Amino acid sequence: MANTRIFGYADPLNPKAGERLDFMISVEGRDEVEAQLVRLVHGDENPEGPGFIEQEVPSDIPAMLEVQRQYTQIGAFAVCDDPEHMLDGLQSFTLFAHVCPTLLNDERQQIMGRWSVNASKGYGLGLSPDGHMSFWVGDGEAVDHVTTEIKVVERCWLFVAATYDAATKKAGLRVIDKVSPWNSRISTVVPINLDTWSEETLRVSPVESGDTARFQLAGASEHNAGRGSFTSLLYNGKIDRAGVYTRVLTEAEIHALAGGAKPESDGLLAYWDPTAGYTENGIDDTIADTGPHGLHLHGINRPVRGMTGYNWRGADSYRISPETFGGVHYHDDALTDAKWTVTCSLDLPDGMRSGVYALRLRGGDAEDHIPFIVRARRPRSKIAVLLPTFTYLAYGNEHLAYEAPIAQAITAHSPVITPEDLEYKKLEEFGLSTYDHHSDGAGCCYSTWRRP
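Predicted, not measured: the structure shown is a model, and the values here were computed from it.

(A) Structural context of a nonpolar patch on the surface. Taken together, the side chains of Val189, Val190 and Ile192 make up a nonpolar region of the molecular surface, amounting to roughly 250 Å² of accessible area. By the element assignment, Ile192 lies in the loop between strand S13 (170-177) and strand S14 (196-201).

And the structure:
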């Protein structure tokens, strides 16, 4: 039998007595594990102290739980709400967006499109593995593409437009430099020109992807028998105003869009403006389609909103100049919700004693505790205990010991690594702490209890 690996999390993290608690569990190497509810009394395993102490607590959870492997969708991206498949099976069309790539990682990255990786159907616009802008189409049997000659430069704003003419099978790819004195890693004083124009007659035409793909920003659709449907070809970088036309735009129209002009209505299918929807109460995960059909995008794993856009000119806040903060930053290692299915649930008794509890899981030589905190339904004690759950979450799954050169200086000794540390590091699917950096170097600003 394969080595057993047990992972899990509870939702919510801090229920009150009398409320329902869900456990999401993933196990590799076996299809059932022993389960026991415990109250955690003492967790410090220092041999000079009392050691690890837990008290078993009777519950309705079965002694043996049926379990399975669960998969985690890592990475931030946005999925289009398109119930009528208006973005599928396009004939002549144009894709366009303002983009600022932040990591070229020798892998294909999709910026926008409705592309099925495993079925090779649909269309996609993004970065080739060698860092060039690329537009590709597939008919289920063959794939063809057009790629620019000039490699993009990380952290520099560009406008990109891809066109396809169904009658001639001619595809065009236009990249226009949008570097200003304020918005990019380099400025206008650096003698570099990122403009490029490529045109090819393709050998295949894009076909409908059907249920094999969804229209996405910052990722593409993939499927396999074991895992099911998921998103791959994840993009690292910012995307500002983007859209789709059901016709081939002229060179003049493309330049107008690159300069910030409002899209013409003729043939406009969708226009996603991240600056729409900024409110006094904050910014949510919906990127509004201000075009005629309301094909809104919904962010997964919380793409970072309110970032500086292609037209930023130095304002301190989106509240001052919201139209210049249209950047949405996507990271391939972001995670705000593992979205595992519920393995079992527990209705906490009304009179359950407050404290720190866990569901203890055992299978073979493997053991794991899924912790949660029970709050009194009606507090009666004279002493209140404040548990720093914000701190727990801020440091959860931190990678400092592995990746930060300063870690040894902070701790004043060589890092102490446990087998659990190695396991979590090796998997790299449970996200980061707010003390870590994303793969493109940006700081991680979100943490969550909805993950191991």
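(B) Quick look at the pattern of salt bridges. Taken as a whole and assessed by the stated rule, the structure comprises 17 salt bridges. The salt bridge partner of Asp82 is Arg114, with a shortest N-O separation of 3.8 Å. Taken as a pair, Asp82 in the loop between strand S6 (77-80) and strand S7 (93-101) and Arg114 in strand S8 (residues 109-116) lie far apart in primary sequence, 32 residues in all. As far as the burial class goes, Asp82 and Arg114 line up, both buried. Of the charged contacts in the structure, one is a salt bridge between Arg247 and Glu253, with a shortest N-O distance of 2.8 Å. Overall, the relative accessible area of 18% leaves Arg247 in the buried class. A residue is classified by how much of its surface remains accessible, and Glu253, at 21% relative accessible area, is partly exposed. Taken together, the shared-partner salt bridges connect Glu28, Arg69 and Glu429 into one network.

(C) Representation of unusual backbone geometry. Cis geometry is adopted by the peptide bond preceding Pro12, which originates at Asp11 and carries an omega value of 5°. Within the secondary structure, Pro12 sits in the loop between strand S1 (5-11) and strand S2 (20-28).

Cut-offs used in this document
- Residues numbered from 1 in each chain as written.
- Predicted model: local features only at pLDDT ≥ 70, side-chain atom pairs only at ≥ 80, totals over all residues.
- Heavy atoms only, no water.
- Patch = residues over 30% accessible without salt bridge, like charges linked within 9 Å, V, L, I, M, F, W, Y side chains within 5 Å.
- Areas by Shrake-Rupley, 256 points an atom, 1.4 Å probe, with all protein chains shown as cover.
- Salt bridge = Lys/Arg side-chain N within 4 Å of Asp/Glu carboxyl O.
- Helix = DSSP H or I, 4+ residues; strand = E, 2+ residues; numbered from the N terminus.
- Buried < 20%, exposed > 50% of the residue type's maximum accessible area, 1.4 Å probe, protein only.

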